[in-house]
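# Coordinate inspection notes
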Amino acid sequence: MDLRRAITGYQVSQALHVAAALGLADLLADGPRSSDDLAAACGAHPDSLYRLLRALASIGVVDAEPERRFALTDEGQALRSDVPGSVHAHAVFIGRAYHWNAWSQLEHSVRTGEPGFRSLYGMSVWEYRAGKPEESAIFDEWMTAITETTNEVVVRTYDFARFRHVVDVGGGRGALLAAIVRAYPGVRGTLFDQEHVVAGVEIEGVDVVGGSFFEAVPRGGDAYVLKSVIHDWSDGEAVAILRTCAAALEGDARVLLIERDLTDPVAPWEDLQMLVKLGGRERTEEEYASLFRAAGLEPAGATPIGAGLSVFSARSSTR
């Protein structure tokens, strides 16, 4: 590990964020262009954009050619917004000021165990985004992009055919649920998230319901899927969400948490993200089992599904 390079890693993050925000990869999709041409196309200061492109060339995102022309590299293709596996939405989100600034509070979080975001802004990140539609839209786009990159793995490796009705709790704009009902034609879906998140969502074969998972979730499902939801919350809040799900279970219905496996190399960094932003955490199988039990659920095992994810399952303990 190059420790000096790691210390200045924030510079690379911001350079990639600005490249994505300006749409540089999309502008280079058809071939090399000069920095002046790119500056005119994206509304940037020509010399400053040249300096950014020169820095991006040093990390292999673009190739520098004579006469200040630049071409997108194979690695840089992933910054385009229109390619499978795109990281464009991630790069756009990662440099947003409210997200970026929260990480300045990491020391506070480590010393106190409290989310740095709340220390900085005096509210939760959910409350912050609820009042800022632009930030909420950028976040939702990133969440959808993440889901789309893992959808194939989830629907291919986990058998949803055993269920008649899947309720996606905290399912955002419904990318995962849409993939499930497409892959398993016999499955009916219900998408459940906050009113402002699901507003305007229409997916064939899916009912869309708005509300709070701290209050109630739709009944009638035989699988309640929560993908990358429980890791956002503290143990107490996670148990409250799971209790709401438990109250909706009938018969042998299951709660399925799709979360990152702590053995994945990315997990420790995602864990710090949860600490700083939300007060949540990544968890082990036994830690998820403890949450299930506290919510009145019976753990039913974990199934690794690839891409660093596992499905942690539970059923009603009173069935």
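Summary of the structure given here.

Reading the values: rules and limits
Residues numbered from 1 in each chain as written. Predicted model: local features only at pLDDT ≥ 70, side-chain atom pairs only at ≥ 80, totals over all residues. Heavy atoms only, no water. Salt bridge = Lys/Arg side-chain N within 4 Å of Asp/Glu carboxyl O. Helix = DSSP H or I, 4+ residues; strand = E, 2+ residues; numbered from the N terminus. Buried < 20%, exposed > 50% of the residue type's maximum accessible area, 1.4 Å probe, protein only. Core = buried A, V, L, I, M, F, W, Y, C linked by side-chain atoms within 4.5 Å. Contact = heavy atoms within 4.5 Å.

### With respect to the pattern of salt bridges
Any two side chains of opposite charge can pair, given that their charged atoms come close. Tallying each qualifying case throughout the model produces 16 salt bridges. For R164, the salt bridge identified is with D222, shortest N-O distance 3.6 Å. Residue R164 is located in the loop between α11 (133-157) and β4 (165-169), and its partner D222 is located in the loop between β6 (206-210) and β7 (223-227); the two are separated by 58 residues in the primary sequence. On the basis of relative accessible area, R164 is assigned to the exposed category, the value being 58%. R188 is the partner of D207 in a salt bridge, and the nearest nitrogen-oxygen pair spans 3.5 Å. Taken together, the residues D207 in strand β6 and R188 in strand β5 (residues 188-193) connect sequence positions 19 residues apart.

### Details of the nonpolar core
In this structure, L24, L49, L53, L56, V62, L79 and Y98 are the most contacted members of the largest nonpolar core, which totals 35 residues. For this core, the element with the highest residue contribution is helix α5 (residues 46-58), accounting for 5 residues. Counting residues in hydrophobic clusters, the runner-up holds 28 residues, among them Y224, C245, A248 and V255.

### Quick notes on the environment of G113
Examined against the element boundaries, G113 turns out to sit in the loop between α8 (106-112) and α9 (116-121). Along the sequence, G113 and V276 sit 163 residues apart, while their C-alpha atoms lie 8.9 Å from each other. With residues up to four places along the chain from it excluded, the contact list for G113 reads H108 and L275.

### Looking at unusual backbone geometry
Although it is not a glycine, E67 sits at a positive phi angle of roughly 60°. The phi angle at S228 is positive, at roughly 55°, despite the residue not being glycine. Tracing the sequence through the fold places S228 in the loop between β7 and α14 (235-248).

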